Amino acid sequence: TTLFRSVLVEIEEGVKTFQGPNPDEVALVQAAYELGIEFVERIGKNIKIKVQGVEQHYEILQKFEFTSARARSSIIVKNISTDEIKLYLKGADTMILKSLDMFSTINILPNTKEHLEKFAKLGLRTLCYSFKILDREEYYKWEELFKEEKYLSLINKDVDMEKIIKLIET
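Description of the structure in this document. Every value quoted in this text rests on a predicted model; they were computed, and no experiment measured them. (Residues numbered from 1 in each chain as written. Predicted model: local features only at pLDDT ≥ 70, side-chain atom pairs only at ≥ 80, totals over all residues. Heavy atoms only, no water.)

This paragraph deals with the pattern of salt bridges. Within this structure, the stated rule accounts for 14 salt bridges. Across the salt bridge formed by lysine 78 and aspartate 83, the nearest N and O atoms sit 3.8 Å from each other. Between aspartate 83 and arginine 136 there is a salt bridge; the shortest N-O distance is 3.2 Å. Taken together, the residues span a long stretch of sequence, with aspartate 83 in the loop between strand S7 (72–79) and strand S8 (85–91) and arginine 136 in helix H5 (residues 136–155) at a distance of 53 residues. Ionic contacts of the salt-bridge type, sharing partners, join the residues Glu59, Lys78, Asp83 and Arg136 into one network. (Salt bridge = Lys/Arg side-chain N within 4 Å of Asp/Glu carboxyl O. Helix = DSSP H or I, 4+ residues; strand = E, 2+ residues; numbered from the N terminus.)

Shown next as structure tokens:
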């Protein structure tokens, strides 16, 4: 038995089953597993996963939890072997789709909207994902701003941390 966030993975006679308090999280972990993406372990800020049988190592740089006001969550990770930094974003279609760049808006959005409408008509719940490869300089510049604003937010309650987070999530 392994616990990945809030999803319990049980292995019985070589068959994996997934259980958890949130059906969305269970569905995501199970779908990832069926696509060949498997969580191996997490130690502190370091994560190991297997993608199509190849182990990959990541460092978690930032994590922004889901709230009903945000209607999304995100994580920024650095691939240990390539030093590539990526932001992964998941959440309500309305929040994710409006954060897309011009290329995605032109080339991906029309088909995505069509699929979302079909799924909605079938009564299915939907969740959107996006990712962004971050330039190292861009990320570290933003991280400095984030740290400064976070410190200021302890003193001044008017500091809008969500505005700072949106800068990197867009």
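Back to the text.
To continue, consider helix H6 (residues 161–169). The complete set of buried residues in H6 reads Met161, Ile164, Ile165, Ile168 and Glu169. For H6, the angular spread of buried residues about the axis comes to 140°, placing them on one side. Summarising the contacts, the buried residues of H6 are in contact with strand S6 (54–64), S7, S8, strand S9 (128–134) and H5. Taking the backbone nitrogen of glutamate 162 as reference, a side-chain oxygen 3.2 Å away marks aspartate 160 as the first, capping residue of H6. (Buried < 20%, exposed > 50% of the residue type's maximum accessible area, 1.4 Å probe, protein only. Arc of directions from axis to C-beta. Contact = heavy atoms within 4.5 Å. Polar contact = N/O pair within 3.5 Å; in protein donor to acceptor, adjacent residues only side chain to side chain.)

Here we come to the nonpolar core. The biggest cluster of nonpolar side chains holds 20 residues, and the ones touching the most others in it are Ile76, Leu134, Tyr139, Trp142 and Phe146. Within the residue set of this core, elements represented by two or more residues are S6, S8, helix H2 (93–97), helix H4 (109–121), S9, H5 and H6. Considering each element in turn, this core owes the most residues, four residues, to H6. Excluding anything up to four places from it in sequence, phenylalanine 146 contacts Gln62, Phe64, Met161, Ile164 and Ile165. (Core = buried A, V, L, I, M, F, W, Y, C linked by side-chain atoms within 4.5 Å.)

A contiguous nonpolar patch, built from Tyr151, Leu152, Leu154 and Ile155 and spanning about 470 Å² of accessible area, is present on the exposed surface. With respect to the secondary-structure elements, leucine 154 resides in helix H5. Here leucine 154 falls in the exposed class, since its relative accessible area comes to 65%. (Patch = residues over 30% accessible without salt bridge, like charges linked within 9 Å, V, L, I, M, F, W, Y side chains within 5 Å. Areas by Shrake-Rupley, 256 points an atom, 1.4 Å probe, with all protein chains shown as cover.)

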